[in-house]
Amino acid sequence: MKPVEQIKQPILQEMELFESKFREAMITNVPLLNRITHYIVRRKGKQMRPMFVFLVAKMVSGGKFEDRTYRGASVIELIHTATLVHDDVVDDSNRRRGFFSINALWKNKIAVLVGDFLLSKGLLLSIDNNDFDILKLISIAVREMSEGELLQIEKARKLDITEDVYFEIIRQKTATLISACCGIGAASVGSSEEEIQKMRKFGELIGIAFQIKDDLFDYTDAKIGKPTGIDIKEQKMTLPLIHALNTSSDSERKWLLNSVKKYNKDKKRVKEIIAFVKEKGGIEYTTAKMKAYQSQALEILNSYPDSPYKDSLLTMVNYVIERKI
């Protein structure tokens, strides 16, 4: 059994019902919008975020869940999908999960409006049901994701990202949404504020580990659906590169920064950068950092009694850093 299927086992019924509720939430009176949302639903990803919501809700409550849990999972998925649609417009990307992106098929103007529609559907789902605690958690995530993207754009222009800034960017860009999933899962079943914050921290730790793993893929030769060196071509300063800069002599540092700044589209130079980063121990250093975040996430999980939901979350934590794609 694949890891994702194994993770999903204790919440199969919840995920099936969630999918039907999510499809219902997408229906509108506008035929064009229905065609586009149908296209989105049919090409959904692994749905790891709703899985976090259900698994956390059931782990902290001893197997219970509420209608609020479904709504929380739907809000997360609606808003996550909205950010992906908008990201593809910002990045001028024509592909998403191996399929054409919304902006590639229906152009930017329609894609932006569809993203706005999904965002408003998510907000209204919470407001109409007085789920203001859930709305607050997701609103914090959206604010931080925007700040993280803008911080990365600002720093990419100067290539002056320190390790601290790198961690702040990935915390905001990636980890904050997984943190919201886990916080919403706990909040949906009436957990205490202390437990909600504990689960938010768990989500943040695993989200940071997830993004570090993604950044490591840039330095591997495996076929992962993302070309090797893509971050370098886009002048993204990730941890392996930052570590190489921090351990370089002045002349090496000058060569490396000049290469990323001016020769980031040169395939031969990109390969040289990758080789240099490996030589400086960037991969080992980054892997050790990723495992440290994994270890902290596991420590939080281990404070809970054994259950199928805890087991699935343990598998999820390990899958995040062992995955091949």
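Above this text is the structure in question.
Predicted model, so just to flag it, every value in this text is computed and none were measured.

What about helix α7 (residues 132–158)?
For an α-helix, 3.6 residues make a turn, and residues three or four places apart therefore share a direction.
(1) Moving on: The end-to-end C-alpha distance of α7 is 40 Å, a good match for the 39 Å that 27 residues give at a rise of 1.5 Å each.
(2) Moving on: For α7, the set of buried residues is Ile-134, Leu-135, Leu-137, Ile-138, Ile-140, Ala-141, Glu-144, Met-145, Gly-148, Gln-152 and Lys-155.
(3) Moving on: The positive-phi residue at the C-terminal boundary of α7 is Leu-159, with phi of around 55°.

Some details on a nonpolar patch on the surface
(1) Moving on: A surface patch of nonpolar side chains, amounting to about 330 Å² of accessible area, comprises Leu-123, Leu-124, Ile-127 and Phe-132.
(2) Moving on: With three residues, helix α6 (residues 102–128) is the single largest residue contributor to the nonpolar patch.
(3) Moving on: Tracing the backbone through its elements, the reader meets Leu-124 in helix α6.

Description of the nonpolar core
(1) Moving on: Ranked by size, the top nonpolar core spans 97 residues in total, and within it Phe-52, Leu-118, Ile-138, Met-199, Phe-202 and Ile-212 carry the most contacts.
(2) Moving on: Among the elements that take part in this core, helix α8 (residues 163–188) stands out by supplying 14 residues, more than any other.
(3) Moving on: For Phe-202, the residues in contact, after removing those within four places along its chain, are Phe-52, Cys-182, Ala-297, Ile-300, Leu-301, Leu-313 and Val-317.

Considering the side chain of Arg-200
(1) Moving on: With respect to the helices, strands and loops of the structure, Arg-200 is situated in helix α9 (residues 193–216).
(2) Moving on: Nearest to the buried, unbridged Arg-200 among oppositely charged side chains is Glu-144, at 5.4 Å.
(3) Moving on: When near neighbours in sequence (up to four residues on either side) are disregarded, Arg-200 contacts Leu-137, Ile-140, Ser-179 and Gly-183.

Description of the pattern of salt bridges
(1) Moving on: Following the criterion strictly, the structure yields 16 salt bridges and no others.
(2) Moving on: Between Asp-131 and Arg-71 there is a salt bridge, with its nearest N and O atoms 2.6 Å apart. Separated by 60 residues along the polypeptide, Asp-131 in the loop between α6 and α7 and Arg-71 in helix α5 (residues 67–90) bring together distant segments of the chain.
(3) Moving on: Here Asp-131 falls in the buried class, since its relative accessible area comes to 2%.
(4) Moving on: Between Glu-144 and Arg-143 there is a salt bridge whose closest N-O contact spans 3.9 Å.
(5) Moving on: Residue Glu-144 is classed as buried on the basis of its relative accessible area of 10%.
(6) Moving on: If you follow the salt bridges from partner to partner, you end up with Arg-143, Glu-144, Glu-147, Glu-168, Arg-171, Lys-201 and Glu-204 in one network.

Some details on the packing of aromatic side chains
(1) Moving on: In the structure shown here, the tally under the stated rule is seven aromatic pairs.
(2) Moving on: Plain terms: the ring middles of Phe-18 and Phe-22 are 5.7 Å apart, the flat faces sit at 25° to each other, and that makes the pair stacked. Residue Phe-18 and its partner Phe-22 are located together in helix α2 (residues 12–26), separated by four residues, close to a single helical turn. Considered together, Phe-18 and Phe-22 belong to a single accessibility category, that of buried residues.

Cut-off values and rules
- Residues numbered from 1 in each chain as written.
- Predicted model: local features only at pLDDT ≥ 70, side-chain atom pairs only at ≥ 80, totals over all residues.
- Heavy atoms only, no water.
- Helix = DSSP H or I, 4+ residues; strand = E, 2+ residues; numbered from the N terminus.
- Expected span 1.5 Å × (residues − 1).
- Buried < 20%, exposed > 50% of the residue type's maximum accessible area, 1.4 Å probe, protein only.
- Patch = residues over 30% accessible without salt bridge, like charges linked within 9 Å, V, L, I, M, F, W, Y side chains within 5 Å.
- Areas by Shrake-Rupley, 256 points an atom, 1.4 Å probe, with all protein chains shown as cover.
- Salt bridge = Lys/Arg side-chain N within 4 Å of Asp/Glu carboxyl O.
- Core = buried A, V, L, I, M, F, W, Y, C linked by side-chain atoms within 4.5 Å.
- Contact = heavy atoms within 4.5 Å.
- Lys, Arg positive; Asp, Glu negative; His and termini not counted.
- Phe/Tyr/Trp six-rings, centres within 6.5 Å; stacked < 30°, edge-to-face > 60°.

Read these as spatial facts, not as claims about activity.
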